[in-house]
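Take a look at the letters that make up each chain.
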Amino acid sequence: MSKPLFNINGWNMPTIIAKETSAKSSIGKAGVKREQTLSNEVLQLVKQLSGKESTGSAKSTTEKPAASASNSGEGSKKSKKKPKKRSAQELNNSETPLLNLGAPEQKAKEVETSKNPAPKKQAKKAKTTASGNEFTPLQQKMNKQLQGAKFRMINEMLYTMPGDQAFKKFQKDPDMFEEYHSGFRTQVESWPANPVDVFIKHFKENGKPGMVIADMGCGEAELALKVPDTIKVHSFDLVAANPRITACDIAHTPLPDSSVDAVVFSLSLMGTNYHEFIAEAYRILKSGGEIKIAEVISRFDDINAFISYMNSQEFHLSHRDESNKMFVMLDFIKDGLKGKAAKKAKKKSQDRKAPLVKEAPVLKPCIYKRR
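All chains use their own residue numbering, which begins from 1 and follows the written sequence. For this predicted model, a pLDDT threshold of at least 70 governs which residues receive local features, and a threshold of 80 or more governs which side-chain atom pairs are given and counted, while totals over whole chains, interfaces and linings are taken from all residues. With hydrogens and water excluded, all non-hydrogen atoms of the structure serve as input to the side-chain values.

When you look at the confidence of the model for the protein in this model, what are you seeing that I'm missing?
When pLDDT drops low, the exact placement of atoms in the prediction is not to be read closely. A residue's pLDDT is simply how confident the predictor is in it, with values from 0 to 100. Per-residue confidence for the protein gives a mean pLDDT of 74, with 57% of residues at or over 70. Should any heavy atoms of two residues lie within 4.5 Å, those residues are counted as being in contact. Scored below 50 in pLDDT, residues 121-126 shows three contacts in the model against residues more than four places distant or in partner chains.

Where do I start with the side chain of Lys292 in this structure?
Structurally, Lys292 can be placed in strand β9 (residues 285-296). Here's how the labels work: a residue is buried when its accessible area is under 20% of the maximum for its type, exposed when over 50%, partly exposed in between, all with a 1.4 Å probe on protein chains only. With relative accessibility at 4%, the residue Lys292 sits in the buried group. Polar contact is the term for a pair of N or O atoms within 3.5 Å; when the atoms are in protein, one must be able to donate a hydrogen and the other to accept it, and sequence-neighboring residues count only if both atoms are side-chain atoms. A polar atom in the side chain of Lys292 sits 2.8 Å from the side chain of Asp331. Here Lys292 is in contact with Phe199, His202, Phe203, Val263, Val264, Phe265, Leu330 and Asp331, once residues within four sequence places are set aside. To qualify as a helix, a DSSP run of H or I must reach at least 4 residues; to qualify as a strand, a run of E must reach at least 2; elements of each kind are numbered from the N terminus.

Looking at this structure, I do not really get the packing of helix α7 (residues 137-159) against helix α8 (residues 163-172). What am I missing?
Axis definition: a line fitted to C-alpha atoms, over the contacting stretch in the case of helices. Angles run 0 to 180 degrees between N-to-C directions. Two numbers describe how α7 lies on α8: the axes approach to 9 Å, and their chain directions differ by 145°. Listed contacts from α8 to Ile154, Met157 and Leu158 of α7 are Ala166, Lys169 and Phe170. Amino acids are sorted into nonpolar (Ala, Val, Leu, Ile, Met, Phe, Trp, Tyr, Cys and Pro), charged (Asp, Glu, Lys and Arg) and polar (every other residue, Gly among them). Here the residues of the contact of α7 with α8 sort into five nonpolar, no polar and one charged.

I keep staring at the state of the cysteines and nothing clicks. Help me out?
Each disulfide consists of a covalent bond between the sulfur atoms of two cysteine residues. By disulfide we mean two sulfur atoms from cysteines, separated by a distance within 2.5 Å. A complete count under the given rule lists zero disulfides for this structure. The cysteine Cys218 is free of any disulfide, with Cys248 supplying the nearest cysteine sulfur at 8.8 Å. By relative accessible area, which is 10% here, Cys218 ends up buried.

Any chance you could explain the nonpolar core here in plain terms?
Nonpolar side chains tend toward joint burial in soluble globular proteins. We call a set of buried Ala, Val, Leu, Ile, Met, Phe, Trp, Tyr and Cys residues a nonpolar core when their side-chain atoms join them within 4.5 Å. Counting 32 residues, the largest nonpolar core has Val263, Phe265, Ile291, Phe306 and Phe332 as its most contacted members. Setting aside chain neighbours within four positions, we find Ile291 in contact with Val263, Phe265, Ile278, Ala281, Leu285, Met310, Phe315, Leu330, Asp331 and Phe332. Counting 20 residues, the second-largest nonpolar core is a separate cluster that includes Leu158, Ala166, Phe327 and Cys366.

Honestly, the pairing of strand β11 (residues 327-334) in this entry has me stumped. Any pointers?
For a regular strand, side chains alternate in direction, first toward one face of the sheet and then toward the other. When you tally the buried positions in β11, you get eight out of eight residues, the bulk of the element. Neither face of β11 is open: one carries Phe327, Met329, Asp331 and Ile333, the other Val328, Leu330, Phe332 and Lys334, and all of them are buried. The pairing of β9 with β11 spans seven bridges and is classified as antiparallel. Bridged to Ile293 within β11 is Leu330. A pair of strands is treated as paired once DSSP finds two or more bridges between them.

What is the right way to read the pattern of salt bridges from this model?
A side chain with one charge can pair with a side chain of the opposite charge if their charged atoms come near. Take a side-chain nitrogen of Lys or Arg and a carboxyl oxygen of Asp or Glu: if they are within 4 Å of each other, that pair is a salt bridge. Using the criterion set out here, one finds 12 salt bridges in the structure. The residue Arg185 makes a salt bridge to Glu220 at a minimum N-O spacing of 2.6 Å. Taken together, the positions of Arg185 in helix α9 (residues 175-188) and Glu220 in the loop between β5 (212-216) and α11 (222-226) put the pair 35 residues apart, joining distant regions of the chain. Look at Arg185 and you get partly exposed, because its relative accessible area is 35%. Taking the shortest distance from any N to any O, the salt bridge between Lys292 and Asp331 comes out at 2.8 Å.

Please explain the environment of Ala241 as it appears in this structure.
Position of Ala241 relative to the elements: it lies in the loop between β6 (232-237) and β7 (245-247). C-alpha of Ala241 to C-alpha of Asp175: the two residues are 66 residues apart in sequence and 9.8 Å apart in space.

Where do I start with the layout of surface pockets in this structure?
Grid points spaced at 1 Å and placed over the protein atoms alone form the basis of the search, with a cavity being a set where a 1.4 Å probe fits but cannot get out and a pocket an open set showing protein on both sides within 12 Å along at least five of seven lines. Lining residues have an atom within 4 Å of a point. Grid points are joined across faces, edges and corners, and a volume is the space filled by probe spheres set on the points. Roughly 930 Å³ of internal volume is contained in the largest pocket. Around the largest pocket sit 47 residues that line it, and Tyr180, His181, Phe184, Ser266 and Leu267 are the ones nearest its centre. Every element with two or more residues in the lining of the largest pocket is listed here: α7, α8, α9, α10 (195-206) and α11. The biggest single contributor to the lining of the largest pocket is α9, with seven residues. A breakdown of the residues in the lining of the largest pocket according to their chemical character gives 28 nonpolar, 11 polar and eight charged.

In this structure, what is going on with the packing of α7 against α9? I would like to understand it.
Any two packed helices are characterised by the angle at which their axes cross and by the distance between the axes. Look at α7 against α9: their axes get within 8 Å of each other, and the N-to-C directions meet at 110°. Here α7 lies roughly perpendicular to α9, going by the angle between them. Of α9, the residues touching α7 (which contributes Lys144, Gln147, Lys150, Phe151, Ile154, Asn155, Met157 and Leu158) are Met176, Glu179, Tyr180, Ser182, Gly183, Phe184, Thr186 and Gln187. Classifying every residue of the contact of α7 with α9 gives seven nonpolar, six polar and three charged. These descriptions rest on fixed angle ranges, namely under 35 degrees for roughly parallel, over 145 for roughly antiparallel, 65 to 115 for roughly perpendicular, and the rest for oblique.

Written as structure tokens, this is what we have:
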């Protein structure tokens, strides 16, 4: 009968006939010698491959196991037979790992490398723009210069033509509005202050519930977005870039007469007919209403001449701020008050004795140097 070599729960090793078992035990010692001889042979070959031992020493080592096998006294021909040498390629392709045959540190490194191969280097990706397109640094620089050139071209155009013509151009090509304001946002980053932020702060601190404001040339209507909800803001510009904006020529707004408490011109007296913008502000302002102007200071040859012109239009200066090196801030009150309110406005006014100038002084356009 055959007996299982091992009896493990759920799995039995194949059985071996008793005759085969006894035969195997009779040559057991010879088999051990053969395994020792093979191990020594393999070890010698590994050393030869690694260059740690010379060829001469390898021969002397390989002769020892053969001599020991012949003197073992077993008398078995198989035990005296020299083991077949294995080539380096056969050793590399062997299914049995040879981790215990070489230097432990070296073999450990080989195992670690085989388990965790070095990651492949990935090529650097080009920077991605907000639109999702990938540009090289040079392309990004050129794109920025192109946007700046477009902004300067459109900006100069707005300063050198009447408002109604500008309105027609922008209505025909609304993309010009985004090109202009994209460049404008870049310009603002280098400014010491943005006039719109000054106006927002003023109305947050001084605006009364129910107050109505007309923002002329509002851009992206940031004023309407940031003042308290209790204040109503009508935002006007050449293109309705968002739902807060009404597209129109600001010399002709859809508002009724005497319907607003304040009018804001934040860098928007740009057309050659800016005096028509001032006249429209007078029409829609209530008596005692306020007009707030922020302009590039370099546009004025004489600020006092501009103030005198505003006097002739029944606007009287209530505040003047030239502390910013780039902009001048001017506030005016519309006449038409009576009683105590009129006296209060007179005290607040700083230019009652200034001579009247009925012809609008020229505000110089912002013309950029040709490169």
